[in-house]
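A structural walkthrough
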Amino acid sequence: MSDWFMNVIVLWTFILLGLMFIGGFFMFRKFLKRMPKEDGKSILDWQEYYINKALPLWKDEQRQLLNELVEPVPELFRDVAKEKIAGKISEIALNEQATTLTLDTIIRGYILATPKKDHRFLIKKLKQKDIDLTPYEHLLDRQSKARSKRELQEAVERKQSS
């Protein structure tokens, strides 16, 4: 009986330590984003600044599109992803001195704010929305995967021929 109980306690200890490390990792990342840069503002400060400055440009249609674009993101992280994407879209609109948010601005901001490892989900979502990706190919990370596959295939062919 006590052997079984000790095993449960040890297992529970490892589970708690694992969860604390995971939570600490995400808290540390958030802490780093809150650290002021050379200009005195943090990444999150700039993100908030761009969103607040461009708030009049956001109409209901654009907000609805943003909500649809972040649907693939797990619900736990969806709000953070939406803020990051909205910040990048707002930054692009303000830098271009746009008077309205266009679909092009939203798509470019969405692509730039999304981590490259998640571009395949992004591409899938944009294809579902029947959005032509041709003007955005230079922003997508598809080329590097195709190039690395081609390079790998060429290396295998060279090895087989020698």
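Here the structure is a predicted model, which is why all the values come from computation and not from measurement. (Residues numbered from 1 in each chain as written. Predicted model: local features only at pLDDT ≥ 70, side-chain atom pairs only at ≥ 80, totals over all residues. Heavy atoms only, no water.)

A word on the UniProt feature "transmembrane region" (unreviewed entry) in the protein
Quick reminder of the rule: UniProt positions are given in the numbering used here, feature names are shortened, and annotations may be inferred rather than shown by experiment. Numbered from the N terminus, helices here are DSSP runs of H or I no shorter than four residues, and strands are runs of E no shorter than two.
In this structure's numbering, the residues bearing the UniProt feature "transmembrane region" (unreviewed entry) are residues 6-28. Structurally, residues 6-28 comprises 100% helix and 0% strand, and the distance from its first C-alpha atom to its last is 33 Å.

Section: helix α5 (residues 103-113)
For clarity, the threshold we go by: Each residue's exposure class comes from its accessible area (1.4 Å probe, protein chains only) as a fraction of the maximum for that residue type: buried when under 20%, exposed when over 50%, partly exposed otherwise. In what follows, a contact means two residues having at least one pair of non-hydrogen atoms within 4.5 Å.
With 8 of 11 residues buried, α5 is to be regarded as a mostly interior element. Residues of α5 that are buried: Thr 105, Ile 106, Ile 107, Arg 108, Gly 109, Tyr 110, Ile 111 and Ala 113. Buried residues along α5 sit against α3 (60-69), α4 (75-95) and α6 (119-128).

A word on α3
For the record, the criterion: By construction, the arc corresponds to the directions joining the helix axis to the C-beta atoms.
Those residues of α3 that sit buried are Gln 62, Leu 65, Leu 66 and Leu 69. Each buried residue of α3 lies within a common arc of 100 degrees when the element is viewed along its axis, so the set occupies one face. The inward-facing, buried residues of α3 abut α4, α5 and α6.

What about the nonpolar core?
Spelled out, the test is: Definition used in this section: a nonpolar core is a set of buried Ala, Val, Leu, Ile, Met, Phe, Trp, Tyr and Cys residues joined via side-chain atoms within 4.5 Å.
Among the nonpolar cores identified, the biggest contains 26 residues, and Trp 58, Leu 66, Ile 85, Ile 89, Ile 111, Leu 122 and Leu 126 are the most heavily contacted of them. Those elements giving two or more residues to this core turn out to be α2 (43-54), α3, α4, α5 and α6. Counting residues per element, this core draws most heavily on α5, at 5 residues. Aside from chain neighbours lying at most four places away, what touches Ile 111 is His 119, Leu 122, Leu 126, Tyr 136, Leu 139 and Leu 140.

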